[in-house]
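Breakdown of the fold
Letter by letter, the chains look like this.
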Amino acid sequence: MFQTMKLELKAKLLRTFPKARLIQSGRLFTRQLSFLIDSSLISLFSDLDRQYGIASHLALVPIGGYGRMEISPYSDIDLLYLHDDQLNEQTLKEVISQINNYLYNNGRDVGHTCRTISESFNYIDNIQSYHAILDSRFLIGSLELFTKYKINFLDQLPVTAVTKFNDWKINFLEERIINSYDPLLLSEPNIKSDPLGLRDVQFMYWIEKTSERHTNHGNGIFDFFLKGDTLPILNAYDFLLLTRSAVHILSGRKNDRLDLNFQAEVAEFLGFGAKNNLTSIEKLMSAFYKAQKDIYFYLGMYLDSRKIANNLQFNNPFSNPDTLYEDVITFFLDAQSQNTEPSRILLNELRISSNFIGDDFKNNGLVIESFLKLLKNKKRIGHLLTLMHECNILGKLLPEFGACTNFPLFSYHHQYTVDEHTLLIIRELDVLISGEWDDPQIQSVFEQCENIEILILAILIHDAGKVKEGDHSQYGAELALIIAERLGLSESDTELLRFLVAEHVIMSELSSKRDIHDPNLLSAFAKLFTNQNTLRLLYILTIIDTKSVGKGILTNWKKEILYFLYSSTLKILERETSPMDSLERIEQTLENYLLEKEGIDQVASKAVVKFALEVKPESYLNYNTPRRIFQHFINILEWKNESKEIRFISEAEPAFVTISIFSKANRQLLLFVCGTISSMGLNLVGMRLFRSKNGDLILQAQITDQFGSGDIRADQLVEIETKILDCIEGRLNIEEVATSTNIWSKLVTIPDGMVDELVKFSNDLSDSYTILEVRAPDSIGLVYRILRSLLEFDLDVIFVRISTSTDFAYDSFYIQTNDGQKITESELIFSIKEKISEVTQMKENHGTFEISF
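Attention here is on the structure that accompanies the text. (Residues numbered from 1 in each chain as written. Predicted model: local features only at pLDDT ≥ 70, side-chain atom pairs only at ≥ 80, totals over all residues. Heavy atoms only, no water.)

**Some points on unusual backbone geometry**
- Between K616 and the following residue, P617, the backbone shows a cis peptide bond with an omega angle of -5 degrees.
- Following the sequence through the fold, P617 ends up in the loop between α30 (602–614) and α31 (619–623).
- With phi around 65 degrees, L196 is a residue other than glycine that occupies positive phi space.
- In this structure, L196 sits in the loop between α9 (159–178) and α10 (198–209).
- The class for L196 is buried, based on a relative accessible area of 2%.
- Although it is not a glycine, N339 adopts a positive phi angle of roughly 55 degrees. (Helix = DSSP H or I, 4+ residues; strand = E, 2+ residues; numbered from the N terminus. Buried < 20%, exposed > 50% of the residue type's maximum accessible area, 1.4 Å probe, protein only.)

Take a look at the structure:
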């Protein structure tokens, strides 16, 4: 009979394993496995009782995970044989042997203990044994004996032992999670024992189970999380249980490590997609990391709530939607200036409030100003940016970085996700800022660095390009230019940011793959730098980036060769009396990229460089990365061969879509693009116009949907291209297109005097352009009307920057005369001002008119 039962249990378990993918609940699945084992043990115990008469003297008590009914497919089955000391010792041994052997024969590992009630007190000095008995539940045998066990032992646990173990757990969680310096989201996490795994939730559960507030809940861990914002942690714990079960099933053994070898199979098993599709793994790990972050926030709130006397409620500073943006950024600035640690309860409130922060947050002037101030204060920057990220605030401010959230790196030497790795780098920078780096040589170099805030921005986006295929450094550099423009950085800071992102891997690659003692290599490398500070910043970035990849990656040998490359290059720069000018340096960078990254020959490389140098204005070289310049060169060749009016391409960015249009000379192209975008209810947030040597146009524009996000559908992009082509070929009247929209949208009427209307001409902000700034109530076709007016004055518009907030527009236009000069004639300036006032419907004698030279 036992043989039949053995086969039945093993078969039942194996038949049940595939159900995990259908049930999609770790709690329900592990409970069902527990029921199957319960049923077999109850049947076996009953047979043994008939043979030995044990039921009145012995109780079979599941403990540990089995006691909680959370038995994973290949987890140990932990049993307490609770007896009253009345059974014959040989009988007791025989019963235990038959039950244990039965489970062993089914491929199950068993952990068992045999005790009386009085003996149980002797085994609570070990924390693992202590935790196991907390999850005791009655299965079969003497219920009377188990009731006495509960009353005389479980309910009488020594207060000193309970307090000692609970204090240890609280301190452990504080140090392991809240005060952790290292990233918590790992690329190959142990689902049970790594930070934010199952065990950390169980620690909270065991604390609650032994607290004075404990009431007689059921055995499940979920029963102890029924107050407050608990749904996220319930779902998170359930998902981790399910993932652990999947790993067990696919491994065919007890295994809690979600390593790279199993992630593809686990992803397919849990329904995230085919295992040969990389996005399936990305979806799995993103869901896993989200679950861990939900555990992180609940755990933080839980620990904070234990410190608050009488559970006093915090006043929520993020409850006013009218001041939310200001309140959010001020919260972190105050924490920095006052050197205080934000409450985890408030951080969770902020995380909830982040759902109501719109896409205009990233363009808010006060937010940008405060964010840059936080970076320049050089105090706990890494820690505060980490908190901002955990609350989903940093990604709202820098969506280019937000796109990296929970993004896994499929590499055995990368231990962390892109976002966790990035924030660890900035925390390493905190150590340098405080002067506490363990290598005085590196510390000495850092102390000579300037523009640390630009270095921080570069760190934040240095790996942001990894969310796309291809050269992540080049794509990251393109994002750097977008961010610099949005943050209002100067031209020099913009170029520094672009350079650090574009070249952030070059020192590591040269030092590990090339002969860094080669004078020609050192000379060529030195030509990349305009000054010594840029070299120092790149060296520091390389050091802390390498260290933050994982433990033990920045070896002494690696530090030595990086320092040799740095110091040797520095000597060349110190000897150089006439450093390479900016244009020559960009030319060198472009050529190196084409030869090394794109793999084209010398002749083709020269042709691309020649094309780029001939595009006007020269800002084309600063605005576009080598990757995009090469892309433009190829597209123009293909467009010429097609003999079409235009070539239209688009590329999705985290916060918008970039469209590039290649066209023959056409002064109205700006109007066609602007009018088309407006008519479709989309937002134009930036536009630049360049000209090749033969007069062909390269127009680059950034667009968002009506809500300010980059979710532009494919059919909308096709419609944009079609409408622009119809305008060029005369099938559409741009005036009619620009002043209508197919999207219902009612603009809010702004009371008189609320918007300080402005028309401002500045000739002192740029060496090449007059910058026209217009602030006025927003209206359909506003940018189109301003552009049309400027073209009527025979002016060239090179760049347009559009910003709209609360339905008033604040737009900037970089303009020149048709011979490439700034606008300096007073009569012309006043005429433009009058026309702008007319088309923006500014009221007479309202607003401000400024000129600066």
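**Describing empty space enclosed by the protein**
- Applying the stated criterion across every chain, the model contains four cavities of 30 Å³ or more.
- Considered as a void within the structure, the largest cavity measures approximately 70 Å³ in volume.
- Contributing to the lining of the largest cavity are R498, I586, T589, L590, L621, N624, T625, P626 and I629.
- Secondary structure elements with two or more residues in the lining of the largest cavity: α29 (582–596) and α32 (626–642).
- Residue classes in the lining of the largest cavity are distributed as five nonpolar, three polar and one charged.
- In this structure, the second largest cavity encloses a volume near 60 Å³.
- Contributing to the lining of the second largest cavity are E478, L481, I482, Y623, R628, E653, T658 and Q702.
- With three residues, helix α23 (residues 472–487) is the single largest residue contributor to the lining of the second largest cavity.
- Looking at side-chain class alone, the lining of the second largest cavity contains three nonpolar, two polar and three charged residues. (1 Å grid on protein atoms, 1.4 Å probe; cavity = no way out; pocket = protein on both sides within 12 Å on 5 of 7 lines; lining within 4 Å. Points joined across faces, edges and corners; volume = space filled by probe spheres on them. Nonpolar A, V, L, I, M, F, W, Y, C, P; charged D, E, K, R; others polar.)

**What to know about the nonpolar core**
- If you look at the biggest cluster of nonpolar residues, it comprises 193 residues, and the most contacted ones within it are L41, I99, F332, F371, L385, L497 and I540.
- Residue contributions to this core peak at 14 residues, all from helix α13 (residues 278–307).
- Discounting residues that sit within four places of it in the chain, F371 has contacts with I329, L385, L394, L397, L398, L457 and L460. (Core = buried A, V, L, I, M, F, W, Y, C linked by side-chain atoms within 4.5 Å. Contact = heavy atoms within 4.5 Å.)

**Side note on the packing of helix α16 (residues 365–376) against helix α22 (residues 452–461)**
- Across the interface, α16 lies against α22 with an axial gap of 8 Å and an inter-helix angle of 105 degrees. The angle between the axes of α16 and α22 places the two elements in the roughly perpendicular class. Across the interface between the two elements, F371, L375 and K376 of α16 pack against E453, I456, L457 and L460 of α22.
- Here the contact of α16 with α22 is built from residues that sort into five nonpolar, no polar and two charged. (Axes fitted to C-alpha atoms, helices over the stretch in contact; angles between N-to-C directions. Parallel < 35°, antiparallel > 145°, perpendicular 65-115°, else oblique.)

**A word on the pattern of salt bridges**
- The final tally for this structure, using the stated rule, is 48 salt bridges.
- K551 is the salt-bridge partner of D182, the closest N and O atoms lying 2.8 Å from each other. Here D182 is found in the loop between α9 and α10, whereas its partner K551 is found in the loop between α27 (532–547) and α28 (556–575), with 369 residues between them in sequence.
- A relative accessible area of 31% places D182 in the partly exposed class.
- On the basis of relative accessible area, K551 is assigned to the exposed category, the value being 58%.
- Note that R628 and E478 form a salt bridge whose closest N and O atoms lie 3.3 Å from each other. Taken together, the positions of R628 in helix α32 and E478 in helix α23 put the pair 150 residues apart, joining distant regions of the chain. A single burial state applies to R628 and to E478, both of which are buried.
- A single network of salt bridges, built from pairs that share partners, joins K468, E478, R627, R628, E651 and E653. (Salt bridge = Lys/Arg side-chain N within 4 Å of Asp/Glu carboxyl O.)

As far as function goes, none of this settles anything; it's purely spatial.
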